[in-house]
Amino acid sequence: MKPTDFSRYISDFIARYLPDERGASANTISSYRDTFVLLIDFMEREKHLKVAKLTLAKIKKETVIGFLDWIQKERKCSDSTRNARLAAIHSFYGYLQYTDLGNLYECQRILSIRAKKAPKKSIGYLTIEGIKLLLRQPDTTTVRGRRDLALLSLIYDTGARVQEIVDLTPSRLRLGKPPVIKIIGKGNRARLVPMLDAQIGHLKNYMKEHRLDRPEVDVHPLFFNSRKEKLTRSGIDYILRKYVKMARRTDKTLIPDKVSCHSLRHSKAMHLLQAGVNLVYIRDILGHVSVQTTEIYARADSKQKRRALEKAYVDINPDEEPIWTSNENLIGWLKRF
């Protein structure tokens, strides 16, 4: 079977261009790969075109738009997910327009597809009291409970993304004075995040209990399941949901209906902001590329807004009746105006 130009270029894009030229992370490559798996699935199901016969000429701008509409209609994807799939396709055709000049016109047509304007969601976060209540839920008399407490407290303390926690190994931790963790974030960008002694106590006990404080296990997953495999994103989400449910039974007012691992990240950012920490430092802790991304927390913090308004407030309400109300000459002039 003769390979098609689509198979040749997509293989080069995924296997060589993304990791070697772009330096894309494993997570980015995996996400882009999933996009093209879905695109191939769409072409087979909706266009009745087998992958062995799929060529670049068969994929037009209208085809891509049809695919994006299909994942929203059939797979119930959100606007944000649609935009992420489009970003992967744009990346491929951005690469292709410099590689295969014969397809330059169609590449540019596909690159002209605009992302949907997704509605901005309000930031969901827990108060400090809510975080305390949540972290009181794990049963520390059990091995699993002690692991879960170390896990959840570390997610909150570092403000890390859930995938960054999944990928952690003991070699990334420096538990001396001051304790620091090295986190590898989006685009393989590394950042050093200081940790608090209170949370470090749980982590040290957990590592000692599982013998993770020895040099020979430096590259072992920091958090793992009963099969010694590293926890997955869904696994951590399951753990969090269990304790959220328990905490809500204690006090519904402190725990929102929906709490995700990202809610803990948002909570850390909001608490730092409310404590007066500069946005630039919060940006560095969270691993944002631009401080403009971090500014969403300042815009969302009603307490900060109220304090700013109170500082800027000038009392313009008069203590007594203004003098012009009893000035007959002025009143007469105004009536004739």
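Treat the numbers as computed from the prediction; the structure is a model and nothing was measured. (Residues numbered from 1 in each chain as written. Predicted model: local features only at pLDDT ≥ 70, side-chain atom pairs only at ≥ 80, totals over all residues. Heavy atoms only, no water.)

Q: Quick question: what am I supposed to make of the sheet that holds strand 2 (residues 180-184) here?
A: Within a sheet, neighbouring strands are paired by backbone hydrogen bonds and run either parallel or antiparallel to one another. With respect to topology, three strands assemble into an open sheet ordered 1-2-3, the strand pairing being antiparallel. Because the sheet does not close on itself, it has two edges, and the strands there are strand 1 (173-174) and strand 3 (190-194). With five bridges joining them, strand 2 and strand 3 adopt antiparallel strand pairing. Across the sheet, the residue bridging to I181 is V193, located in strand 3. (Pairing = 2+ DSSP bridges. Helix = DSSP H or I, 4+ residues; strand = E, 2+ residues; numbered from the N terminus.)

Q: Where do I start with the side chain of D100 in this structure?
A: As for its placement among the helices and strands, D100 is situated in the loop between helix 4 (79-96) and helix 5 (104-111). There is no salt bridge for the buried D100, and the closest opposite charge comes from R8, which lies 6.1 Å off by N-O distance. Once residues within four sequence positions are removed from consideration, D100 is found in contact with Y9 and L56. (Buried < 20%, exposed > 50% of the residue type's maximum accessible area, 1.4 Å probe, protein only. Lys, Arg positive; Asp, Glu negative; His and termini not counted. Salt bridge = Lys/Arg side-chain N within 4 Å of Asp/Glu carboxyl O. Contact = heavy atoms within 4.5 Å.)

Q: Looking at this model, I keep getting lost on the packing of aromatic side chains. Mind explaining?
A: To describe a pair of aromatic rings, you give the distance between the ring centres and the angle between the ring planes. With the rule as written, the count across this model stands at 14 aromatic pairs. Taking 5.3 Å as the distance between ring centres and 70 degrees as the angle between the ring planes, the aromatic pair formed by F36 and F92 counts as edge-to-face. Of the two residues, F36 sits in helix 2 (residues 26-46) while F92 sits in helix 4, which places them 56 residues apart along the sequence. Take F36 and F92: they sit in the same class, and that class is buried. The interplanar angle of 40 degrees and the centroid separation of 6.0 Å between the aromatic rings of F92 and Y95 together place this pair among those described as tilted. Here Y95 and F92 lie together in helix 4, a separation of three residues that amounts to about one turn. By relative accessible area, F92 is classed as buried at 0%. For Y95, a relative accessible area of 5% corresponds to the buried category. (Phe/Tyr/Trp six-rings, centres within 6.5 Å; stacked < 30°, edge-to-face > 60°.)

Q: Explain the confidence of the model for the protein to me, please; I cannot follow it from the model alone.
A: Interpretation of this model should avoid reading the predicted coordinates in detail wherever pLDDT is low. When pLDDT is averaged along the protein, the result is 85, and 84% of the positions lie at 70 or above. Looking over the protein, one finds the lowest element-wise mean pLDDT in helix 14 (residues 302-312), namely 48, and the highest in helix 3 (residues 61-73), namely 96. Across residues 308-316, confidence stays below pLDDT 50; counting only partners more than four residues off in sequence or on other chains, it has zero contacts. (pLDDT = per-residue confidence, 0-100.)

Q: Please clarify how the nonpolar core should be interpreted in this entry.
A: If you look at the biggest cluster of nonpolar residues, it comprises 49 residues, and the most contacted ones within it are L154, I165, L203, Y206, L222, F223 and I236. Listed by contribution, the elements that provide at least two residues to this core are helix 6 (128-135), helix 7 (143-158), helix 8 (162-166), strand 2, helix 9 (197-209), helix 10 (233-250), helix 11 (261-274) and helix 12 (279-286). Take this core: its biggest share by element is seven residues, from helix 7. Non-local contacts of I236, meaning those with residues more than four positions away in its chain, are made with L151, I155, V162, I165, V166, L231 and C261. A24, Y32, Y93 and I113 belong to the second-largest nonpolar core, a separate cluster that totals 35 residues. (Core = buried A, V, L, I, M, F, W, Y, C linked by side-chain atoms within 4.5 Å.)

Q: Explain the environment of R16 to me, please; I cannot follow it from the model alone.
A: Turning to its location among the elements, R16 is positioned in helix 1 (residues 5-21). Not counting chain neighbours up to four residues away, the residues in contact with R16 comprise S11, E21 and Y95.

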